[in-house]
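Listed below, chain by chain, are the residues.
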Amino acid sequence: MIVRIMGEGQLTLADSHVAELNKLDDELLAEMESGDGAGFRSTLEALLDKVRELGSPLPDDSLEPSELILPTSGATLEEVRDMLGDDGLIPG
């Protein structure tokens, strides 16, 4: 799977990691729904760090279609809310 972190670039990520990322995505959704800004910020950072840890960066000159687009680490609750689908940032 090709994942884009906005403002950073693309990474390849094995499909086998989606379940692990979905746990963080579920936490992020709960924090957004409750308005927990501090929890949201912490979980968003954890999600992006996990993608960076598990993924392999694509070369900067490579532009592949991204199957998943994640916000930048500085994204606000409102910006992330606008990006959400029915399943959160990471489809089930």
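First things first, this report covers the structure right here in the doc.

So, how was this worked out
- Residues numbered from 1 in each chain as written.
- Predicted model: local features only at pLDDT ≥ 70, side-chain atom pairs only at ≥ 80, totals over all residues.
- Heavy atoms only, no water.
- Core = buried A, V, L, I, M, F, W, Y, C linked by side-chain atoms within 4.5 Å.
- Buried < 20%, exposed > 50% of the residue type's maximum accessible area, 1.4 Å probe, protein only.
- Helix = DSSP H or I, 4+ residues; strand = E, 2+ residues; numbered from the N terminus.
- Contact = heavy atoms within 4.5 Å.
- Axes fitted to C-alpha atoms, helices over the stretch in contact; angles between N-to-C directions.
- Parallel < 35°, antiparallel > 145°, perpendicular 65-115°, else oblique.
- Left-handed = near helix turned anticlockwise from the far one by under 90°.
- Nonpolar A, V, L, I, M, F, W, Y, C, P; charged D, E, K, R; others polar.
- Pairing = 2+ DSSP bridges.
- 1 Å grid on protein atoms, 1.4 Å probe; cavity = no way out; pocket = protein on both sides within 12 Å on 5 of 7 lines; lining within 4 Å.
- Points joined across faces, edges and corners; volume = space filled by probe spheres on them.
- Salt bridge = Lys/Arg side-chain N within 4 Å of Asp/Glu carboxyl O.

A few words now on the nonpolar core. Of all hydrophobic cores here, the largest spans 21 residues; its most connected members are L28, L47, L70, V80 and I90. When residues of this core are traced back to their parent elements, those giving at least two are β1 (2-5), α1 (18-34), α2 (37-54), β4 (68-70) and α3 (77-83). Residues within four places of I90 in sequence aside, it is in contact with V18, L21, N22, D25, L47, L68 and L70.

Turning to the packing of α1 against α2, a few remarks are in order. As a packed pair, α1 and α2 sit with axes 9 Å apart at the nearest point and diverge in direction by 165°. Taken together, the axis directions place α1 and α2 in an arrangement best described as roughly antiparallel. When the axes of α1 and α2 are compared, the crossing they make is left-handed. Residues E20, L21, L24, E27, L28, E31 and M32 of α1 form the contact with α2, whose own contacting residues are G39, F40, T43, L44, A46, L47, K50, V51 and L54. A per-class count over the contact of α1 with α2 returns 10 nonpolar, 2 polar and 4 charged.

The subject of this paragraph is the pairing of β1. With 4 bridges connecting them, β1 and strand β2 (residues 9-12) associate as antiparallel partners. Pairing of I2 across the sheet is with T12, part of β2. The pairing of β1 with β4 spans 3 bridges and is parallel. In the sheet register, I5 faces β4, and the bridge partner there is L70.

Approximately 170 Å³ is the volume attributed to the largest pocket. If you go around the largest pocket, you meet 13 residues; those closest to its centre are E8, G9, Q10, L58 and D60. Taken together, the elements giving at least two residues each to the lining of the largest pocket come down to β1 and β2. Here the lining of the largest pocket takes 3 residues from β2, the largest share from any one element. The residue makeup of the lining of the largest pocket, split by class, is 6 nonpolar, 3 polar and 4 charged.

It is worth spelling out the pattern of salt bridges at this point. Across all of its chains, the model carries 4 salt bridges by this definition. The closest approach of N and O atoms between K50 and E20, which form a salt bridge, is 3.4 Å. Here E20 lies in helix α1 and K50 lies in helix α2, a separation of 30 residues in the sequence.

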